[in-house]
Amino acid sequence: MERAQKTGNMGDRTGTKTRSGSDELIFFVNGKKIVEKNADPEMTLLTYLRRKLGLTGTKLGCAEGGCGACTVMLSRYQTHSKRLLHYAINACLAPLCSLHLVAVTTVEGIGSVARKLHPVQERIAKAHGSQCGFCTPGIVMSMYALLRNNPTPKMADMEEAFQGNLCRCTGYRPILEGYKTFTVEGGCCGGRGQKNGCCMSNGNGAQNGSEEKINEATSLFNPAEFAPFDPTQEVIFPPELMTLSKDQKPHSLCFHGERMTWLQPDSLDEFLNLKWKHPDARVVVGNTEVGVEVKFKNMVYPVILAPTFIPELSAVTHTEDGIVFGAACTLSHMAVVLRQAVESLPPHKTEVFLAVLEQLRWFAGVQIRNVAAVGGNIMTASPISDLNPVFMAAGCKLTLVDKDGSREVQMDDGFFTGYRRTALRPQEILLSIHIPYSKKTQFVSAYKQSPRREDDISIVTAAMSVTFTPGTDVVEDLRLSYGGMAPTTVLAKKTANRLMGRPWGEELLEEACNSLAEEMSLDPSVPGGMVTYRRTLTLSLFYKFYLTVLQKLRLQGLKVTEVTSDCLSATEVYHPETPSSVQIYQAVPKGQSQDDVVGRPIMHLSAMKQATGEAVYCDDVPLYENELYLSLITSSKAHARILSIDTSAAEHCPGVVCFLFADDIPGSNTAGSIKFDETVLADGEVTCVGHIIGAVVANTQLQAQRAAKAVKIKYEERQPVITIQEAIATQSFYQPIRTIQNGDLELGFKQADHILEGEMHIGGQEHFYLETNVTLAVPRGEDGEMELFVSTQAPTHTQSLVARALGVPANRVVVRVKRMGGGFGGKESRTTLLSTVVAVAANKLKRPVRCMLDRDEDMLITGGRHPFYGKYKVGFLNSGRVVALDVTYYGNAGNSMDLSQAIVERALFHMENSYRVPNIRGRGFLCRTNLPSNTAFRGFGGPQGMMVAESWMTDVAQSLGKSPEEVRRLNLYMKGDSTPFNQVLDQITLDRCWDECMSRSGYQQRRIAIDLYNRQNRWTKRGIAVVPTKFGISFTALFLNQAGALVHIYTDGSVLLTHGGTEMGQGLHTKMVQVASRVLGIPSSKIHISETSTNTVPNTSATAASVSSDLNGAALKNACEILLKRLEPFKAKNPNGTWEDWVKAAYFDRVSLSANGFYKTPDIGYDFETNSGRAFSYFSYGVACSEVEIDCLTGSHKNLSTTIVMDVGNSLNPAIDIGQVEGAFMQGLGLFTLEELHYSPQGVLLTRGPGSYKIPAFGDIPTQLTVSLLRDAPNDKAIFASKAVGEPPLFLASSVFYAIKDAISAARAESGITGPFRLDSPASAERIRNACSDRFTKLCPPAEAGTFIPWSVQV
Ligand SMILES: Cc1cc2nc3c(=O)[nH]c(=O)nc-3n(C[C@H](O)[C@H](O)[C@H](O)COP(=O)(O)OP(=O)(O)OC[C@H]3O[C@@H](n4cnc5c(N)ncnc54)[C@H](O)[C@@H]3O)c2cc1C
Ligand code: FES
Ligand code: FES
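The following refers to the structure shown. (Residues numbered from 1 in each chain as written. Chains lettered and ligands numbered in written order. Predicted model: local features only at pLDDT ≥ 70, side-chain atom pairs only at ≥ 80, totals over all residues. Heavy atoms only, no water.)

1. Quick word on helix α32 (residues 1068–1080)
Moving on, step 1. Compared with the 18 Å implied by 1.5 Å per residue over 13 residues, the 18 Å span of α32 between its first and last C-alpha is a close match.
Moving on, step 2. Of all 13 residues in α32, 12 are buried, a share of seventy percent or more.
Moving on, step 3. Taken residue by residue, α32 has L1068, H1069, T1070, K1071, M1072, V1073, Q1074, V1075, A1076, S1077, V1079 and L1080 as its buried positions.
Moving on, step 4. Elements that come into contact with the buried residues of α32 comprise β43 (1055–1059), β44 (1087–1089), β45 (1092–1093), α33 (1108–1133), α34 (1139–1148) and α35 (1214–1233).
Moving on, step 5. Directly after α32, the chain includes G1081, whose backbone phi takes a positive value near 70°. (Helix = DSSP H or I, 4+ residues; strand = E, 2+ residues; numbered from the N terminus. Expected span 1.5 Å × (residues − 1). Buried < 20%, exposed > 50% of the residue type's maximum accessible area, 1.4 Å probe, protein only. Contact = heavy atoms within 4.5 Å.)

2. Some remarks on helix α30 (residues 990–1001)
Moving on, step 1. Helix length check: α30, at 12 residues, gives a terminal C-alpha distance of 16 Å against a target of 16 Å (1.5 Å per residue), a fit within 8%.
Moving on, step 2. Those residues of α30 not exposed but buried are L990, C993, W994, E996, C997, M998 and S1001.
Moving on, step 3. Looking at the buried residues of α30, the elements they touch are α29 (964–971), α31 (1003–1016), β41 (1020–1033), β47 (1178–1191), β48 (1197–1207) and β49 (1264–1269).
Moving on, step 4. Positive phi appears at G1002, one or two residues downstream of α30, with a value of about 65°.

3. A look at the pattern of salt bridges
Moving on, step 1. All told, the structure shown has 73 salt bridges when counted by the stated rule.
Moving on, step 2. Measuring nitrogen to oxygen at the nearest pair gives 2.5 Å for the salt bridge that ties R850 to E627. A residue pair is termed long-range when its members are at least 10 positions apart, and R850 in strand β37 (residues 849–852) and E627 in the loop between α19 (607–612) and β24 (628–634) qualify at 223 residues.
Moving on, step 3. The class for E627 is buried, based on a relative accessible area of 11%.
Moving on, step 4. For the salt bridge of R1007 with D1011, the shortest nitrogen-to-oxygen distance reads 3.2 Å. With R1007 and D1011 both in helix α31 and four residues apart, this pair spans about one turn of that helix.
Moving on, step 5. With a relative accessible area of 32%, D1011 lands in the partly exposed category.
Moving on, step 6. Salt bridges linked by common partners bring R50, R51, K59, D619, D620, E627 and R850 together as one network. (Salt bridge = Lys/Arg side-chain N within 4 Å of Asp/Glu carboxyl O.)

4. Side note on the site of ligand 1
Moving on, step 1. Residues in close proximity to ligand 1 total 32 residues, the closest being R282, V283, V285, T288 and D386.
Moving on, step 2. Between ligand 1 and R282 there is a distance of 2.5 Å, counted from an oxygen atom to a side-chain nitrogen or oxygen.
Moving on, step 3. Within the backbone of V285, a nitrogen or oxygen atom sits 2.8 Å from an oxygen atom of ligand 1.
Moving on, step 4. Considered on its own, ligand 1 offers 970 Å² of accessible surface; in the complex 93% of this is hidden by protein.
Moving on, step 5. For the shell around ligand 1, the secondary structure elements donating two or more residues are β10 (282–283), α14 (374–380) and β18 (429–436).
Moving on, step 6. Looking at the shell around ligand 1 element by element, the count peaks at five residues for α14.
Moving on, step 7. Its residues assigned to classes, the shell around ligand 1 comprises 16 nonpolar, nine polar and seven charged. (Near = heavy atom within 4 Å. Polar contact = N/O pair within 3.5 Å; in protein donor to acceptor, adjacent residues only side chain to side chain. Areas by Shrake-Rupley, 256 points an atom, 1.4 Å probe, with all protein chains shown as cover. Nonpolar A, V, L, I, M, F, W, Y, C, P; charged D, E, K, R; others polar.)

5. Section: the packing of helix α24 (residues 795–806) against helix α25 (residues 831–845)
Between two packed helices, both the angle of their axes relative to each other and the distance between the axes serve to describe the pair.
Moving on, step 1. Taken N-terminus to C-terminus, the directions of α24 and α25 make an angle of 45°; their axes are 9 Å apart at the nearest point. With respect to their mutual orientation, α24 and α25 come out oblique. The way α24 lies across α25 gives a crossing that is right-handed. Contact residues: H797, T798, L801, V802, A805 and L806 in α24; T831, T832, S835, T836, A839, V840 and N843 in α25. (Axes fitted to C-alpha atoms, helices over the stretch in contact; angles between N-to-C directions. Parallel < 35°, antiparallel > 145°, perpendicular 65-115°, else oblique. Left-handed = near helix turned anticlockwise from the far one by under 90°.)

6. Digging into the sheet that holds strand β26 (residues 656–660)
Remark on secondary structure: sheet strands pair via backbone hydrogen bonds, oriented parallel or antiparallel.
Moving on, step 1. Reading across the sheet, the eight strands line up as β26-β30-β24-β37-β34-β35-β36-β45 and stay open at both edges, with mixed pairing between neighbours. For this open sheet the edge positions go to β26 and β45, each flanked by a neighbour on one side alone.
Moving on, step 2. Judged from the five bridges that link them, strand β34 (residues 774–779) and strand β35 (residues 786–790) form a sheet pairing that is antiparallel. Looking at the pairing, A777 lines up with L788 of β35. (Pairing = 2+ DSSP bridges.)

What follows is the structure, given as structure tokens:
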């Protein structure tokens, strides 16, 4: 690595001009010029927008570039190309200082409800693509940026644009459907283009008019109502900025902050001199790595060097043997250049380019690729970098420079010297990378395997390059490069050397696999875990490469082993298919008045505001003048005694106002949901990592968070119990242990022809509501009054715990909830952890205090869905009929009871899912562990209960060699059957749902096609499963089944509704307005809901258990009917009058125009002791059929198709109900196939953000999705014959899990393995791969359990 040359003009300048102050930062936001004189290098654009400019439309979801909620568009005039660039970015990672001469467009800048919505805002709203709305501004801006660059995009462009955006509510389908109308394929043709591409034939067109399907509607919105999109009307680039940009003379910038200085040199010389002067300075381009380090790893970089505008670092130069990219070239730009090269060069020259492009396809999301630089990826030296393996395998060269000269180095294992370390010297920088053309006889491939396909970091990433002696299949050069197998990207040199000079054939493959298994070994305790899987992947990926190269050699006319047709699919590169969907529901009866909106697919009432960023969430409430910020101090130990708390260092942190510990609580320090078995602030002992010990209150968020981290705590550790298995071993259970028993178990097993035993573990799940927990507490200054703005599903519970902690009566505390950015059960009880502490702080300081948890804190502290372990013994007849079941459930409750008792009870209530089992016993144990308390989550234990049921059902079928569908149908409940808890199923629609699902999905034809496919393909397999669900509707705690409402009619005729339910995106308020509109007989436009508050409707149950429409709808109906009765005389007197006339007349006659309504569910109340009484008011039913394809070599899977038939009674609003079905299905899909929380053996949550915890993304929706609401199924137990819908559909996603299991069975059969096998949930890529036992897995056996400490444990 000899120094090659001197770079010119470097010797004389030693650095930038010394500055005492900072430069002015000039940029534009939504067309308005901003001149910031004190730009803080530590501030992100997001904080600036939200806090300084009050532009709260842009949301904070994760602060790590992983959710897209903060997406904004940047526009920049590029002087050298004289082009305007528009690109989407994550404002949470964009340093404010990087914005000089940039125009920022936020969601507020493109439209508003008052002014006019932009078509991208209008269409997402009207297409029902916004539920809680927290993700909506980000999605709007991703779409907007795409259209600014390409007004007529293809569907594929759109899918790419959304790779970096997450939504937890909608299931994505309606967003794509609405935006499809912008695309080439989906632009609305008014029904003329009848085949593919017509939105009308794809679910959003006119009503289906065929005779037998009369009243069947498939239209949820009407594209004809959309305002046309006219790209020429877009906001222009600010003319002043254009002038400034064109006239700008190169000049360097400097911004000083409290801890950081930002230096932006204008020339390479200056840059190198600065680096010489500040060898420890961080070079920042995209800040996608450094930003995360600063935010989450507490790194402090006193000097930042920002070289973005140095021409040499952004230059692209085509040379004789390749292309040289400046280190600051963004990945998006690099992709454009490489694509152009691929199009213009002969194919043999572009093998390396294609491999880089393949990696870039799955590299982060567009927002990251638009700013992240190639140099940043190389220099981060991450062992799981996606590009470094390709660069290494391809033999790329790097140019490194310092002020004295430059040197060229080969990118090989000599360059990466250790974990995140390189051979770069402190004063050097990376100038460029040379990516070579491939040779005529060279083949290159790259592979990335990650838990989720889109926007995910790799588990293993690989690139392979082979060069043959011309005219032969003899290996001349081979480079196999792997990421994820060592602390650095590594070359499998030994293996490569062994294969040198060998012909490309079966023997070479054999040798390669044996050698790789040896060379790419991993310590069983290695960080990241998945040891067997990672090792197997190194072989499986090589095998893919082997087959691919064989094909290419054959194409060149060489006589090599033929790749048989059944192996071809192993070489296919994944290409997503454009999804299509159908939604079917029953139209309202002919003759229903137009003003009666019940049963119509009307839009979520806040959707427009959500799409423009005007909808106000808790943290969008403007700052109070004297407001303070709170940060929590939490335990780093799972179980320990606190020996000491040292705040001395923290006290010296700037801005600190006070600390709070247990002694500061004026009232009671005990808290909890049903039992008071928790503390508000830990008192001497901590029982989980994340246990709240105290809090720091400071002037700003940053100050509070820094001080919290500076608090030092000494612990005396105790042995923790982390996993269910540890709890069983130590008998660590909460009481009582519940049992439901029916029939004669002993007799049942005697009758059985066969008895099988099995077990299953179902992993937990993080709620991942896009809006994390947030509370703003405002002391009112009198009589201990406190007002709280909280993102909670349970205002009353929040109120009572705050009152308890403050030692005041509940009537002094008002809790207000406008809307939540998602809840899913996670904001039912655990929100009080934060709200109580914030209230205590506000009370102590007599000043408003706010806290919004960071995503990592939220995930760490607030618990999630209970992991479950189920053990079963099932007895069945030869026919497949199940006659006896003994099942035991263990739920991991964590360190407090919270709602766990009711959750395990619900698992028991659903232990037979939808099947009649005459002799049955179910027992439910609640494991007391040292994890943060697990809590309610959509389905509330029901999905876990049913999941185990489907496991034994599958086992029964597999052991009999029958199809699981046949066995399921045989055992399905019929009308009049009774459940194990003695509830007679009188209005059952399961069979109808089943039969409709079978026919709509074309199950029989699919089964035949799948069997054929599986015979023809060795390394990809397809599977199918049909799964029913029966979900009991009511709170299982009797007293919660009540609701109140308050309705005011004002003298102008407008109506204000308040009820006990909260809005978290599920459309409750919209449905309630529909109900009131029908009862009062007035248009919904006259009705408004402002918020939910404890001083209007008291003593409310949490918005949970799917019953909020039932309960609150009935209470509202009651209130409205009271008012109607009062208005009757005035109507009678003036029958031709208007609503307003009657209201006025009543007012002048001194009639109260305000009424309370109340409702309690009749005839319910179950007793565990006697197994009698009605547990549920009614049941919701549904059936889903899913088809998948798995890649047996990597464990990836594709969701090919899903058909859902759901009984929601007479739908109050089909758009909202279908939204709930699809949203729940996608959340279930995450639960059963994707989402994995990893805990260390010491109980530390290792997955604390979207980077490591993957919820389903746009690309995970089934390619074909059909949702049909069962017609003619009125329910006499709920408002206007409707049914609950929030939770029941979630379990239907298990059809995907069991379809995967079906496909795995086919793969195992290839290795001669048949019969039942255990597959735990989620069916992750790792589990799928490991279950597909074959020659490669055999070479990588797992280490013996107990001989090592694993990185993570199954809790
Ligand atoms: C949400 C998200 C998703 C991601 N997905 C992926 C992924 O799929 N695959 C993957 O491989 N990575 C991924 N990353 C990691 C990261 O985006 C990449 O490594 C990216 O290329 C870093 O570029 P940057 O310009 O943002 O780096 P910065 O954060 O600006 O800098 C990163 C490091 O490189 C150094 N550096 C930068 N340029 C130079 C230079 N010219 N000379 C010397 N040192 C330099 C900096 O000092 C710093 O230490 C992801 C990151 C995020 C936040
Ligand atoms: S908040 Fe920026 S990507 Fe999540
Ligand atoms: S609507 Fe997307 S996260 Fe709620």
